[in-house]
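Structural overview
Here is how the chains run, residue by residue.
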Amino acid sequence: MFAIFLTPSFILDLQDHELEAAISQAITLDQILTKRENYFAGTKLRSGDRLVNILIVPGHDDESTGAGYKGLREVDLNRELAQNLYTYLSKESGMNVVLASDNRGYSPIFKKYFVRDKKKIETFIIKSKKSFSRKMRNEEVGLGDTTAHNTATNDVVFKLYGINRWASTQKFDLVIHVHFNDYPGRAWNKPGDEVGFSIYTPGKFLENHEISKQFADSIFKELKKVRPVSTLETEKDGVIENHQLIALGSNQTLTAGSVLIEYGYIYEEIFSDPEYRSIAFDTLAYSTYSGIKKLLNEKPIEKKYEIISVTENKTTPNNLKWQYQKALAGMYPPLNKSLIDCPATGYFGECSRGVGK
Ligand SMILES: [Zn+2]
């Protein structure tokens, strides 16, 4: 599809002025809500004052593909889910949604940008790091959070900071990084023990902390209707603050509200079969979209599944749709059960009977 990368012209002809050493002046929720008011009032303002700009970044790329499990590459899952999210968001009016990559690789915007602005991005990284460590020294704070994430290679570091610089220069409001988790130390061909989702958000010493926290909390509320919260001890709160992840704007490199969502563990069974996965991803994308709409105090479009019939004691795609339908309505899992006890898998057994057809 060619429509994916159509970009309003203001993005392409925006002047590429030199940035300060580190970016400051984070976006606030009030600013975003004002844009929505301007948009709905039909005010003749610059597009930058009435469009909410949202960047979706599928984690990893074809050089560095992320986690893997039995032939599944994390990058492909990330791109598939991100594409679903793009579809929901791009139907909204007054939103400018950009997808950073899809199964053909980075969008032409970024392909060009990484080459054309190579030097500027490199300088930006050095200056931002210096300036942020000076700030931290002056305030005499230590950043305690060092959640284990795969250490990024030089090329990955360059691209992630590059995307931050781009999003900040273009005054993007919200940035979503889409990922799937892996459990360190599991046997390569066996699933790990942990399941569930988590959302990473910038720590409190970063200036985009507040908007990001509001953003994360809003998506968290929606996702937890359909996915269990991560069972990993360090992720059990669901929303986790972090100063080190470049995607979130480490070293003060991002003005936008940012979240990095780990939608699940790559070995979870629901993600292995393409048919079940596409139902699951559609629902996860919908919940993320709903979280964004609710952040803006707006009503998401209603999700309607076409369910022909459910089949008891069997695993079927229709059963899965039925479970998600009930979960979105707050009726699944049954009372006093969690999504760990009663995962939405498409199997119609005790858990589903407990809800009633
Ligand atoms: Zn990842």
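Residues numbered from 1 in each chain as written. Predicted model: local features only at pLDDT ≥ 70, side-chain atom pairs only at ≥ 80, totals over all residues.

**Quick word on the overall build of the protein**
A tally of regular secondary structure across the protein gives ten helices and ten strands. Within the span of the protein, comprising 357 residues, buried residues form 41% of the whole. Restricting to contacts in the protein with at least 6 residues of sequence separation, those with at least 24 account for 75%. (Helix = DSSP H or I, 4+ residues; strand = E, 2+ residues; numbered from the N terminus. Buried ≥ 20, exposed ≤ 12 C-beta atoms within 10 Å, placed from the backbone. Contact = placed C-beta atoms within 7 Å.)

**Notes on the environment of Glu 269**
Within the secondary structure layout, Glu 269 lies in the loop between β10 (257-265) and α8 (274-295). Taking the C-alpha atoms as reference points, Glu 269 and Pro 191, 78 residues apart in sequence, are found 8.8 Å from one another.

**A few points about α8**
Taking 1.5 Å per residue as the helical rise, α8 with its 22 residues ought to reach 32 Å, and the 31 Å between its terminal C-alpha atoms agrees with that figure. Among the residues trailing α8, Asn 297 stands out with phi positive, at a value near 60°. (Expected span 1.5 Å × (residues − 1).)

**A closer look at the pairing of strand β1 (residues 52-58)**
Extensive coverage of β1 is indicated by the burial of seven of its seven residues. Neither face of β1 is left uncovered, since the one carrying Val 52, Ile 54, Ile 56 and Pro 58 and the one carrying Asn 53, Leu 55 and Val 57 both have all their residues buried. In this structure, β1 lies alongside strand β4 (residues 95-99), joined through five bridges in parallel fashion. Within β4, the position partnered with Ile 54 by the bridge is Val 97. Direction of pairing for β1 relative to strand β7 (residues 174-181): parallel, over a ladder of five bridges. Among the inter-strand pairings, Leu 55 is bridged to a residue of β7, identified as Val 175. (Pairing = 2+ DSSP bridges.)

**Thoughts on the confidence of the model for the protein**
For the protein, the average pLDDT comes to 90, and 89% of its residues sit at 70 or higher. Contacts for the low-pLDDT stretch residues 1-20, under 50 throughout, to residues beyond four places or in other chains number 18 contacts. (pLDDT = per-residue confidence, 0-100.)

**Some words on the packing of helix α5 (residues 118-138) against helix α6 (residues 154-169)**
Angle between the axes and distance between the axes: these two values describe a pair of packed helices. It is the contact of α5 with α6, at a shortest axis distance of 9 Å, that shows an interaxial angle of 90°. When the interaxial angle is binned, α5 and α6 end up roughly perpendicular. In this structure, α5 uses Ile 121, Phe 124 and Ile 125 to contact α6, whose residues at the interface are Phe 158, Tyr 161, Gly 162 and Arg 165. Of the residues that constitute the contact of α5 with α6, the class distribution is five nonpolar, one polar and one charged. (Axes fitted to C-alpha atoms, helices over the stretch in contact; angles between N-to-C directions. Parallel < 35°, antiparallel > 145°, perpendicular 65-115°, else oblique. Nonpolar A, V, L, I, M, F, W, Y, C, P; charged D, E, K, R; others polar.)

**Details of the sheet that holds β7**
Strand order across the open sheet formed by six strands is β4-β1-β7-β10-β8-β9, with mixed pairing between neighbours. The sheet is open, and its two borders are formed by β4 and β9 (239-242), each paired with just one other strand. Across this sheet, the average inter-strand angle for adjacent strands is 25°, counted without regard to direction.

**Some remarks on the pairing of β9**
Relative to β9, strand β8 (residues 198-202) runs parallel, the two being bridged by four bridges. Its bridge partner lying in β9, Thr 201 is registered against Glu 241. Of the crossover connections in this fold, the one passing from β8 over helix α7 (residues 209-223) to the parallel β9 is right-handed. (Right-handed = clockwise from strand over helix to strand, strands pointing away.)

**Observations concerning the environment of Thr 315**
Within the element layout of this structure, Thr 315 appears in the loop between α8 and α9 (317-328). Separated by 33 residues in sequence, Thr 315 and Phe 348 have C-alpha atoms that sit 6.4 Å apart. Look past the residues within four positions of Thr 315 in its chain and what remains in contact with it is Thr 345, Gly 346 and Tyr 347.

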